[in-house]
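# Examining the three-dimensional arrangement
Listed here are the chains, written in short residue letters.
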Amino acid sequence: MVARGGLPQSSVAQIIEAARQTPDRFSIGSPGRGSAPQVLGAAMMKSAGVRFVEIPYKGTQAQYTDLLAGRIDLMFSSESAALPHIATGRIKGIAIAGPRRSSRAPDLPTMAESGMPGLEMEAWLGLFAPAATPPDILQRLRDELRESIPALKERFAASGGEPMQLTRAETDAFVRRELERWMTVIREAGICAD
């Protein structure tokens, strides 16, 4: 979570307190309806019992343009996109929406540390195949992907990520949990994609 540089509040607790005193005081941008940042913002508002003015954009670039110009107050962004702007002081880092602090921004607390337990969303990528794919082909794909993990580790680390090595059963369970968790938020917030 990041904020415009001139925002007086510098923590999740301060933002929530101010939002409780004055509903619709803060604007929060997202790169589009149905996007992960919009869903995360909706989850935060529901969890904290506050309301922000939601501003949907058509992509992250326009959203950043308005945040940097001070036309919106808040947004959720990837670490790799946010850190260069935080380093210049043009925007404020508020919190990390992951399960642990970032090694690239160790002073930023997690949302859980900021009083918002359970408000974690990490971007993840997976390799999927059609359900009818023969088991030997699936195993071959898994083996080849596993061999590429050492090379991917360095690339992922450069953007603040790390590879997950899950069995097929663990992957199925992980995807199921993610879908159930976020579909509940999406339904309750009435979110639909553009």
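Residues numbered from 1 in each chain as written. Predicted model: local features only at pLDDT ≥ 70, side-chain atom pairs only at ≥ 80, totals over all residues. Heavy atoms only, no water.

### So, the overall build of the chain
The secondary structure content of the chain amounts to 6 helices and 5 strands. In the chain, the succession of helices and strands from N to C terminus is β-α-β-α-β-α-β-α-β-α-α. Taking the principal axes of its C-alpha atoms as reference, the chain extends roughly 60 × 35 × 30 Å. Considering the chain as a whole, with its 194 residues, one finds that 35% of them fall into the buried category. Here the contacts in the chain between residues at least 6 apart in sequence split such that 63% fall between residues at least 24 apart. Total accessible area on the chain stands at roughly 11400 Å², and carbon and sulfur atoms take up 55% of it. Of the side-chain charges in the chain, 23 are positive and 22 negative, and the distance between the mean point of each set is 4 Å. (Helix = DSSP H or I, 4+ residues; strand = E, 2+ residues; numbered from the N terminus. Buried < 20%, exposed > 50% of the residue type's maximum accessible area, 1.4 Å probe, protein only. Contact = heavy atoms within 4.5 Å. Areas by Shrake-Rupley, 256 points an atom, 1.4 Å probe, with all protein chains shown as cover. Lys, Arg positive; Asp, Glu negative; His and termini not counted. Charge placed at Lys NZ, Arg CZ, Asp CG, Glu CD.)

### Details of the sheet that holds strand β2 (residues 27–30)
Overall, mixed pairing links the 5 strands, which are arranged β3-β2-β4-β1-β5 in an open sheet. With one partner strand each, in any of the chains shown, β3 (53–56) and β5 (91–93) form the two edges of the open sheet. With respect to the sheet, helix α4 (residues 79–88) is in contact with β1 (2–4) and β5, its orientation differing from that of β5 by roughly 115°. (Pairing = 2+ DSSP bridges. Axes fitted to C-alpha atoms, helices over the stretch in contact; angles between N-to-C directions.)

### Details of empty space enclosed by the protein
This structure, assessed with the given rule, holds 1 cavity of 30 Å³ or more. The volume enclosed by the largest cavity comes to roughly 70 Å³. Forming the boundary of the largest cavity are Ile28, Gly29, Ser30, Arg33, Pro37, Gln38, Gly41, Ala42, Met45, Glu54, Ile55 and Pro56. If you list the elements that add at least two residues to the lining of the largest cavity, you get β2, α2 (36–48) and β3. With 5 residues, α2 is the single largest residue contributor to the lining of the largest cavity. In the lining of the largest cavity, the residues fall into 6 nonpolar, 4 polar and 2 charged. (1 Å grid on protein atoms, 1.4 Å probe; cavity = no way out; pocket = protein on both sides within 12 Å on 5 of 7 lines; lining within 4 Å. Points joined across faces, edges and corners; volume = space filled by probe spheres on them. Nonpolar A, V, L, I, M, F, W, Y, C, P; charged D, E, K, R; others polar.)

### Focus: the nonpolar core
The biggest cluster of nonpolar side chains holds 30 residues, and the ones touching the most others in it are Val12, Met44, Phe52, Leu74 and Met111. Of all the elements in the fold, those that place two or more residues in this core are α1 (12–21), α2 and α6 (168–189). Per-element tally for this core: the top contributor is α2, with 7 residues. Residues contacting Phe52, with those up to four places away along its chain left out, are Ile15, Ala19, Asp24, Phe26, Ile28, Met44, Met45 and Leu74. (Core = buried A, V, L, I, M, F, W, Y, C linked by side-chain atoms within 4.5 Å.)

### As for the pairing of β3
When β2 meets β3, the two strands line up parallel, connected through 4 bridges. When the sheet's bridge partners are listed, Ser27 is paired in β3 with Val53. Viewed along the sheet, the connection from β2 through α2 into β3 turns out right-handed. (Right-handed = clockwise from strand over helix to strand, strands pointing away.)

### Examining the layout of surface pockets
Estimates place the volume of the second largest pocket at around 230 Å³. As for the second largest pocket, its lining consists of Ala36, Val39, Met121, Glu122, Ala123, Trp124, Val175, Glu178, Leu179, Trp182, Met183 and Ile186. Of all elements in the fold, only α2 and α6 reach the threshold of two or more residues within the lining of the second largest pocket. The element contributing the most residues to the lining of the second largest pocket is α6, with 6 residues.

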